[in-house]
Amino acid sequence: MSDSLLRVESLNCYFAGLRAVAELSFDVQPGEIKAVIGPNGAGKSTLFNMIAGVTRPTSGEIWFDGSRIDNLPTFRRARLGIARTFQNLQIFREMTVLENVMVGRHMQGQSSVMGALLYTPAMRAENRAMTETALDLLARFELDTKAQVLAGDLSFGQMKVLELARALASKPRLLLLDEPAAGLPQAEAEHIGQIITTLNRDGMTVLLVEHNMRMVMSLSHDILVLNNGLRIAEGDADHVRRHPDVLAAYLGDAEYA
Amino acid sequence: MTVLPMNTAVTARAARPWHLSDHARLLIVWFALLVIPFLAPNAYVVSLANMMFINIILIASLNLLMGYGGQISLGHAGFYGLGAYVSGVLGVKFGLSAWVGLPAAALITGLAALLIGIPVLRLRGLYLSMATLGWNAILVVLFNRLVDITGGPNGLLGVRPFSFGDFALDNDFRQFPLVWLVALLVMLAILNFLRSRIGRAVRAVATNELGADAVGIDSFRTKLLVFVLTAGMAGIAGSLYVHVNQFASPETFSVSSSILLVVMVAIGGSGSFWGPILGAAIYTAVPQVLLDYEDAELMLFGLAMLIVLIVSPTGLAGIPAALRRRFARRPA
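This is a predicted model, so every value here is computed, not measured.

1. A few points about the overall build of chain B
Of the regular secondary structure elements, chain B holds 16 helices and two strands. By the compact-globule yardstick of 20 Å for 332 residues, chain B fits well, its C-alpha radius of gyration being 21 Å. Judged by the C-alpha coordinates and their principal axes, chain B covers about 75 × 50 × 40 Å. Of all 332 residues assigned to chain B, the portion counted as buried reaches 48%. The contacts of chain B with a sequence gap of at least 6 include a subset with a gap of at least 24, amounting to 76%.

Okay, here's the thing in structure tokens:
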């Protein structure tokens with residue numbers, strides 16, 4: 001229990017009296033891929049936003065690696081090692097693909113304003129190192145040929161991969177993925193799925209919210225099912241697939257096979 | 001060897017390693033401008049060139065704030081004025097040299113920007129513009145009303161020029177190298193800044209604040225930093241202005257000057273490194289051409305902005321790239 005990377009404790013979130021998330025507690029263990037699923041309006045996005053720092057919980061606690069984070073602004077959570085992607089993409093469209101990934105490494109930089117204005121050797125060395133790391137990362141994701149292209153000119157699928165590369169640039173310890181496959185054709189969704197599996201094999205802990213059942217079932221070690229803000233099931237794919245409450249919640253959902 | 005078909009914009013970008021080349025280009029442009037006093041041995045033209053260099057600092061710093069930092073400030077002329085009065089008053093009332101006034105102007109305008117920025121930068125878009133406009137209006141009132149210090153509406157008189165011992169930079173030809181050099185240093189600093197980690201963070205925050213937050217950038221501090229930095233640059237321009245003209249009066253730093261500076265950033269090309277040089281040239285030259293028609297000047301600037309923004313939303317500096325793209329699309 002105590003060695004979990006992320007711990008959520010009796011988390012509640014109400015919007016104008018409406019329950020979005022209620023008394024939710026769970027852990028994310030280091031090295032696992034955990035998925036949160038549920039029908040529309042189940043509270044997945046609210047939960048995700050509370051962990052990422054976009055939405056304040058009404059009550060409850062969120063702990064990351066021994067520090068309480070539910071009152072920290074997003075950038076402080078990022079500095080602790082929580083990186084995220086967005087369902088509707090928040091990339092820097094007017095900057096190049098390379099610059100996007102370099103901005104992802106912002107936290108690792110040391111250079112000062114004075115160093116920047118004077119273009120000191122230390123600043124230049126930092127720039128070179130950041131460029132190199134960013135290019136390596138882009139090469140891993142087969143985006144290196146697009147390094148000098150404006151991010152806004154990429155295809156939707158490439159933007160999704162770029163955002164993932166930007167998130168990884170900071171060498172996070174927990175990766176939050178908000179519907180990584182949303183809007184992608186099956187082949188590209190599978191590509192993203194492969195990337196996530198590879199990352200996890202290299203030790204990355206992942207928490208993801210996803211609609212694509214095939215992806216969730218094949219990737220995740222542990223699946224948390226929400227409905228109306230409440231946990232209705234938690235366990236591995238087989239357990240969740242057979243759980244009567246899950247079947248009831250998804251009844252009629254063609255996506256669920 | 002096979003030549004891969006590539007998007008022209010990409011090839012162009014890849015073909016010029018931008019670190020070296022923009023610095024080199026800047027130096028080439030600046031050394032070309034160095035011939036002005038030799039080609040036009042005429043004090044009037046050189047005095048205009050001096051004003052142009054000061055305006056370059058002013059417009060380039062506003063462009064850094066606006067075009068790259070995404071904050072539209074209608075108070076830039078106020079910081080310019082604050083720098084001018086700080087540097088001028090330190091000389092006139094306290095007998096300090098202009099060489100002390102220059103860094104003091106940068107420091108105090110920067111400090112003022114820090115104090116005003118902490119509450120104001122929580123606002124966005126139009127609200128930020130209105131708040132900075134209010135700040136500019138307050139400064140103009142102070143320049144006018146603190147008669148004992150500023151000389152009030154009659155202006156600050158008796159400002160001494162920059163000097164090296166007995167050698168005073170008291171004519172246009174002697175002032176030229178100084179304003180030329182300071183403008184170059186400011187342009188270099190801006191170029192360096194844009195190429196740095198912090199410069200990228202500034203652009204990232206302006207482009208997408210949610211994205212910037214997610215990678216651990218403190219958006220507020222980043223905005224405050226660029227606000228303070230550009231105000232300091234405006235302070236430097238103000239100090240140069242007051243010691244070159246040996247005079248300052250409140251109307252130079254009015255809200256309408258601030259608005260015109262924003263227009264000049266847009267005409268030159270907001271978010272283009274080279275745009276402010278064009279903007280400053282126009283800002284300096286046009287009023288001289290239309291000396292007798294003050295209303296026509298405003299009309300012309302207004303019209304120019306409409307035309308530029310409709311024909312080339314990226315400003316004058318964006319025209320070559322737009323043309324290149326147009327020709328490149330044609331099948332060979």
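Here the narrative resumes.
2. Let's talk about the overall build of chain A
Tallying secondary structure elements over chain A gives ten helices and ten strands in all. Taking 18 Å as the expected radius of gyration for a compact globule of 257 residues, we find that chain A reaches 19 Å, a close match to that expectation. Over its C-alpha atoms, taken along the principal directions, chain A stretches across nearly 65 × 40 × 35 Å. By the burial criterion, 46% of the 257 residues in chain A qualify as buried. Contacts in chain A between residues at least 24 apart in sequence constitute 65% of all its contacts with a sequence separation of at least 6.

3. Considering the packing of helix H5 (residues 121-140) of chain A against helix H6 (residues 156-169) of chain A
All names here are of chain A. Put simply, H5 and H6 touch, their axes get as near as 10 Å, and they point 135° apart. Taken together, the axis directions place H5 and H6 in an arrangement best described as oblique. Every pair of crossing elements has a handedness; the one defined by H5 and H6 is right-handed. Between H5 and H6, the contacting residues are Ala134, Leu137 and Leu138 on the first element and Ala165, Leu168 and Ala169 on the second. In terms of residue class, the contact of H5 with H6 is made up of six nonpolar, no polar and no charged.

4. Structural notes on the interface of chain A and chain B
The interface is formed by 32 residues belonging to chain A together with 26 residues belonging to chain B. Contributions of two or more residues to the side of chain A that touches chain B are made by helix H2 (74-80), helix H3 (97-104), helix H4 (113-118) and H5 of chain A. A class-by-class count of the residues in the side of chain A that touches chain B yields 16 nonpolar, nine polar and seven charged.

5. Topic: helix H5 (residues 76-94) of chain B
Compared with the 27 Å implied by 1.5 Å per residue over 19 residues, the 26 Å span of H5(B) between its first and last C-alpha is a close match. Taken across its 19 residues, H5(B) has 17 buried, putting it largely inside the fold.

6. Describing the pairing of strand S8 (residues 205-209) of chain A
Residue and element names in this part refer to chain A. Across the five residues that make up S8, a large majority, five, are buried. Both faces of S8 are covered, namely the face carrying Thr205, Leu207 and Val209 and the face carrying Val206 and Leu208. Bridging between strand S3 (residues 33-37) and S8 involves four bridges; their strand directions are parallel. Its bridge partner lying in S8, Lys34 is registered against Leu207. Relative to S8, strand S7 (residues 174-178) is paired through five bridges, and the arrangement is parallel. Bridge pairing links Leu177 to Leu208 in S8.

7. Looking at the environment of B:Ala113
All names here are of chain B. Examined against the element boundaries, Ala113 turns out to sit in helix H6 (residues 98-120). Judged by the 30 C-beta atoms lying within 10 Å of it, Ala113 falls in the buried class. Placed 185 residues apart in sequence, Ala113 and Leu298 show a C-alpha to C-alpha distance of 28 Å. Once residues within four sequence positions are removed from consideration, Ala113 is found in contact with Phe79, Phe227, Val228 and Ala231.

8. With respect to the confidence of the model for chain B
Detailed reading of the predicted coordinates is not advisable wherever pLDDT is low. All names here are of chain B. Looking at chain B, pLDDT values average 88 and 93% of them are 70 or higher. Low confidence marks residues 1-19, where pLDDT is under 50. Its contacts with residues over four positions away, or in another chain, come to eight contacts. Confidence metrics for the complex model read pTM 0.89 and ipTM 0.90.

Definitions and cut-offs
Residues numbered from 1 in each chain as written. Chains lettered and ligands numbered in written order. Predicted model: local features only at pLDDT ≥ 70, side-chain atom pairs only at ≥ 80, totals over all residues. Helix = DSSP H or I, 4+ residues; strand = E, 2+ residues; numbered from the N terminus. Rg over C-alpha atoms; globule rule 2.2 N^0.38 Å. Buried ≥ 20, exposed ≤ 12 C-beta atoms within 10 Å, placed from the backbone. Contact = placed C-beta atoms within 7 Å. Axes fitted to C-alpha atoms, helices over the stretch in contact; angles between N-to-C directions. Parallel < 35°, antiparallel > 145°, perpendicular 65-115°, else oblique. Left-handed = near helix turned anticlockwise from the far one by under 90°. Nonpolar A, V, L, I, M, F, W, Y, C, P; charged D, E, K, R; others polar. Expected span 1.5 Å × (residues − 1). Pairing = 2+ DSSP bridges. pLDDT = per-residue confidence, 0-100.

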